Amino acid sequence: EIENEPSAAESMPEGVELEGPYEVDRVVDGDTLIVYIDGVRTRVRLIGINTPESVAPEEERNTEEGVLASDYVKTLMDEADYEVWLEYDNERYDQYDRTLAYVYIDYDGEVVMLERILLAEGYAETVLCGTNDRYYDEFCELEADAS
């Protein structure tokens, strides 16, 4: 008899209110995704992190590190079947009208926050995003540990 692998639903983090799962249309770069939320293509900016640029209109702003971060997120999305869950903080939109969210993926059978993975692996740096500071201290520690 073959045992079933644990489903993502069985490994949801406790005490966290997640919405989803939502289908990811595409990875824009290391910190921005296009996600179908209730059937609407929505630009989602990951809260609390920044990755180097890879698709800026000004070519000189794009970096090799940005391409690596973007490619890494594409690999993670592929492994997660392009499905995410979202957690919101105090501010839901930024000045560019992007949806701000902590993004969770199925990562080796566990639902894990994408920001934590990117910080721990050295692909991102911590940024304070308005009043969205729920995980700021933890993110700073992850970034320090990765460097």
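What counts and how
For every chain, the first residue of the written sequence is number 1, and numbering continues from 1 along that sequence. Thresholds applied to this predicted model are a pLDDT of at least 70 for local features of residues and 80 or more for the giving and counting of side-chain atom pairs; totals over whole chains, interfaces and linings are not thresholded and use all residues. The side-chain numbers reported here are obtained from all heavy atoms of the structure, hydrogens and water having been left aside. Where helices and strands are cited, they refer to DSSP runs of H or I of at least four residues and of E of at least two residues respectively, numbered from the N terminus. Taken over C-alpha atoms, the radius of gyration is set against a globule rule of 2.2 Å times the number of residues to the power 0.38. A simple rule labels every residue: compare its accessible area, found with a 1.4 Å probe on the protein chains alone, to the largest value its type can have, and call it buried under 20%, exposed over 50%, or partly exposed in between. Contacts were defined at the residue level, with two residues in contact if any of their heavy atoms lie within 4.5 Å. Per-residue and other accessible areas follow the Shrake-Rupley method at a 1.4 Å probe size, with only the shown protein chains counted as cover for residues. Note on charges: Lys and Arg go in the positive column, Asp and Glu in the negative column, and His and the chain ends are not counted at all. By convention, the charge on Lys lies at NZ, on Arg at CZ, on Asp at CG and on Glu at CD. Excluding any residue in a salt bridge, patches collect residues exceeding 30% relative accessible area, merging like charges within 9 Å and nonpolar Val, Leu, Ile, Met, Phe, Trp and Tyr side chains within 5 Å. A pairing counts as a salt bridge when a side-chain nitrogen of Lys or Arg comes within 4 Å of a carboxyl oxygen of Asp or Glu. By nonpolar core we mean a set of buried residues, namely Ala, Val, Leu, Ile, Met, Phe, Trp, Tyr and Cys, connected to one another through side-chain atoms within 4.5 Å. Strands were regarded as paired on the criterion that DSSP finds at least two bridges between them. Residues adjacent in sequence count toward polar contacts only when both atoms are side-chain atoms; beyond that, a polar contact is any pair of N or O atoms within 3.5 Å, and within protein one must be able to donate a hydrogen and the other to accept it. An expected span of 1.5 Å times one less than the residue number is assigned to each helix. In this description, the arc belongs to the directions extending from the helix axis to the C-beta atoms.

Digging into the overall build of the chain
Here comes step 1: The secondary structure content of the chain amounts to 3 helices and 8 strands.
Here comes step 2: In the chain, the order of α-helices and β-strands from amino to carboxyl end is β-β-β-β-α-β-β-β-α-β-α.
Here comes step 3: Relative to its length of 147 residues, the chain is compact, with a C-alpha radius of gyration of 15 Å against a globular reference of 15 Å.
Here comes step 4: Along the first, second and third principal axes, the C-alpha set of the chain runs to 55 × 35 × 30 Å.
Here comes step 5: When the 147 residues of the chain are sorted by exposure, 42% land in the buried category.
Here comes step 6: The long-range fraction of contacts in the chain, counting pairs at least 24 apart against all pairs at least 6 apart in sequence, stands at 56%.
Here comes step 7: Approximately 8,500 Å² of the chain is accessible, and the part contributed by carbon and sulfur atoms is 42%.
Here comes step 8: Between the averaged position of the 10 positive side-chain charges in the chain and that of its 40 negative side-chain charges there is a distance of 9 Å.

Observations regarding a negative patch on the surface
Here comes step 1: Together, Glu23, Asp78, Glu79, Asp81, Glu83, Asp108 and Glu110 line one region of the surface with negative charge.
Here comes step 2: By secondary structure assignment, the location of Asp78 is in helix α1 (residues 64–79).

Comments concerning the nonpolar core
Here comes step 1: Core analysis: the biggest nonpolar cluster contains 35 residues, and Leu33, Met77, Val84, Leu86 and Leu114 have the highest contact counts within it.
Here comes step 2: Listing elements by their share of this core, those giving two or more residues are β1 (19–29), β2 (32–37), β3 (40–46), α1, β5 (83–87), β6 (99–107), β7 (110–113) and α2 (114–120).
Here comes step 3: Among the elements that make up this core, the one with the highest residue count is β6 (6 residues).
Here comes step 4: Not counting residues up to four positions away in its chain, the partners in contact with Val84 are Gly20, Pro21, Tyr22, Val24, Leu33, Val35, Met77, Val103, Tyr104 and Ile105.

Digging into the pairing of β2
Here comes step 1: Burial runs high along β2: 5 of the 6 residues are buried.
Here comes step 2: Bridge analysis of β1 against β2 gives 5 bridges, and the strand direction is antiparallel. Within the sheet, the bridge partner assigned to Val24 lies in β2 and is Val35.
Here comes step 3: In this antiparallel pair of consecutive strands, β1 and β2, the connection spans 2 residues.
Here comes step 4: In this sheet, β3 lies alongside β2 in antiparallel orientation, the contact comprising 6 bridges.

A closer look at the side chain of Asn62
Here comes step 1: Along the polypeptide, Asn62 turns up in the loop between β4 (49–50) and α1.
Here comes step 2: In this structure the side chain of Asn62 is engaged in a polar contact, spanning 3.5 Å, whose partner is the backbone nitrogen of Ser54.
Here comes step 3: At a separation of 2.6 Å, a polar atom in the side chain of Asn62 contacts the main-chain amide nitrogen of Ala56.
Here comes step 4: Each residue touching Asn62, except ones within four places of it in the same chain, is listed here: Glu53, Ser54, Val55 and Ala56.

Side note on α1
For an α-helix the count is 3.6 residues per turn, leaving residues at separations of three or four pointing the same way.
Here comes step 1: Along its 16 residues, α1 runs 23 Å from first to last C-alpha, staying within 8% of the 22 Å computed at 1.5 Å per residue.
Here comes step 2: Taken as a whole, α1 has its buried residues at Gly66, Ala69, Ser70, Tyr72, Val73, Leu76 and Met77. Down the axis of α1, the smallest arc covering the buried residues is 155°, so these residues share one side. Structural note: α1 exposes Glu64, Asp78 and Glu79 on the side pointing more than 90 degrees away from its buried face.
Here comes step 3: Close packing links the buried residues of α1 with β1, β2, β5, β6 and α2.

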